[in-house]
Amino acid sequence: MYSNYIEPAPQYTINVNTIGYYKGTAFIQTRNLCNNDTAIIVAEPKSGCEFVRWSDGSTNNPYTIVVTQDTSLTAEFAYISSGQYGDSLMWEYSSAQLRIMGKGVMYDYASSYEQPWSLLRDSITNIKFEEGVTSIGSYAFADCRHIDSIAIPCNIEKVGKRVFQGCIKLTSVIWNSKSCEFPLYSSTPFYDIRTQITSFVFGDSVKTIPAHLCFGMKELSSITIPNNVTKIEDYAFDACTNITSVVWNAKMCYIHTYCPFDDSKTQITSFAFGNSVESIPGNICLGVEKLSSIVIPTSVTSIGGRAFEGCTGLTSITIPNSVTSIGNRAFYDCTGLTSVTIGNSVTSIGNYAFLGCSSLTAFYVYLQMFRHKKRIFFCFVVYLLIGGIFVANGR
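Computed from a predicted structure; not experimentally measured. (Residues numbered from 1 in each chain as written. Predicted model: local features only at pLDDT ≥ 70, side-chain atom pairs only at ≥ 80, totals over all residues. Heavy atoms only, no water.)

It is worth spelling out the sheet that holds strand E8 (residues 82–85) at this point. Pairing is mixed across the open sheet formed by 4 strands, whose spatial order is E8-E9-E10-E11. Strand pairing shows two members of the sheet lacking a second neighbour, E8 and strand E11 (126–129), which therefore form its edges. Here the strands of the sheet are splayed against their neighbours by 20° on average, with no regard to which way each runs. Pairing analysis gives 4 bridges linking strand E10 (residues 97–102) to E11, with the strands arranged parallel. Across the sheet, Ile100 pairs through a bridge with Phe129, a residue of E11. (Pairing = 2+ DSSP bridges. Helix = DSSP H or I, 4+ residues; strand = E, 2+ residues; numbered from the N terminus. Axes fitted to C-alpha atoms, helices over the stretch in contact; angles between N-to-C directions.)

Laid out in structure tokens, this is it:
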């Protein structure tokens, strides 16, 4: 007797898994398949991630397999480590360093979540810009919690809002930007971390120091202004209340209406001018009351208006022979000043240059000054005002 029984084809099961579910998912439409059936499995990376390989080594995605036995495959994903950024820039992450490459501007973002490297933030410890990069976008490096220093290159022409917001370990900045468009006050790149920065160094390429750049950096104790700086905008170092020492090397520099150290000036005890300085700008030490002495280098040819106005701690001043002009109110209201020596090259002294110097008892000038009627009048008026010693020195 014959049987019509046909043995059913064996059924096989395919299981698909992922390494790190937060990086991606994998799926298959049919799990129970017969011998020699084909199956298609798909790996879908999440935003900011990419598919790497299957556990059998295949990099195909989708992946077509022929079923001959129960099968288990695992999809491996990784964070995207490079890509296009902006119209002409690329980014690359390797060995904890994020590199921005190419030529052009970086995009602005509304928050740190929009960064193309957002999933790598906790691994980034260093950021490097290539020379062609000309701007840093808003929030570009916000919440990169493990960078402790940053160097801004000389070709950067624009810096966006809150670039380093949430960079809780960032304490050191090297600023090389020649001249930079810059947001103001609470939108500055360092505003949210301003109280933790302990070092801010300007490179020799810097020409303009933007307004509010170092606003509120209360842990800074000293600042050095390099040779090539020609302009410092308002409030650049405002509210840096622990700055006690300034080294000024700028040859010729324009300062806006206010002293750049406005709310910081009450703590400054040392202000040194380098030997490259040709002009001491107006307002530079306006109201810096704790200065007890100033050395004016022989490279200086002019002293700007209100340069030392209200420096009540000064007791004496010597203006070298290289100086040809003293601006309006240059030493106005320096009430502690007892002695002034003016070199033999001064041809112009501004209005009220020494008015209010109520402690002045000795005023030293050179005989050459008497060749200029205006100087004679000035010296005579000072003599009458102070009721002190007027010495015409013939050296």
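This part covers empty space enclosed by the protein. A complete count under the given rule lists 1 cavity of 30 Å³ or more for this structure. Approximately 30 Å³ is the volume found for the largest cavity. Class assignment of the residues belonging to the lining of the largest cavity gives a composition of 6 nonpolar, 2 polar and 1 charged. (1 Å grid on protein atoms, 1.4 Å probe; cavity = no way out; pocket = protein on both sides within 12 Å on 5 of 7 lines; lining within 4 Å. Points joined across faces, edges and corners; volume = space filled by probe spheres on them. Nonpolar A, V, L, I, M, F, W, Y, C, P; charged D, E, K, R; others polar.)

At the junction of Asn61 and Pro62, the peptide bond is cis and its omega measures out at 0° in the coordinates. Relative to the helices and strands, Pro62 resides in the loop between strand E5 (49–54) and strand E6 (63–66). Within the chain, Asn283 stands out as a residue other than glycine whose phi angle is a positive 70°. Looking at the secondary structure, you find Asn283 in the loop between strand E23 (279–280) and strand E24 (302–303).

If you walk through the whole model with that rule in mind, you get 24 aromatic pairs. Ring centres 5.9 Å apart and planes at 15° place the aromatic pair Trp117 and Phe141 in the stacked group. In this pair, Trp117 is assigned in the loop between E10 and E11 and Phe141 in the loop between strand E12 (135–136) and strand E13 (149–152), connecting sequence segments 24 residues apart. Phe141 shares its class with Trp117; the two are buried. Ring geometry for Phe237 against Phe261: centres 5.1 Å apart, planes inclined by 15°, an arrangement best described as stacked. Placement of Phe237 in the loop between strand E19 (231–232) and strand E20 (245–248) and of Phe261 in the loop between strand E21 (254–255) and strand E22 (270–273) is noted, with a sequence separation of 24 residues between them. For Phe237, a relative accessible area of 0% translates into the label buried. For Phe261, a relative accessible area of 0% translates into the label buried. Sitting above the plane of the Tyr113 ring, Arg121 keeps its charged end 5.8 Å from the centroid. One cation-aromatic arrangement involves Arg194 over Tyr191; the distance from NZ or CZ to the ring centre is 3.9 Å. (Phe/Tyr/Trp six-rings, centres within 6.5 Å; stacked < 30°, edge-to-face > 60°. Buried < 20%, exposed > 50% of the residue type's maximum accessible area, 1.4 Å probe, protein only. Lys NZ or Arg CZ within 6 Å of the ring centre and 35° of its normal.)

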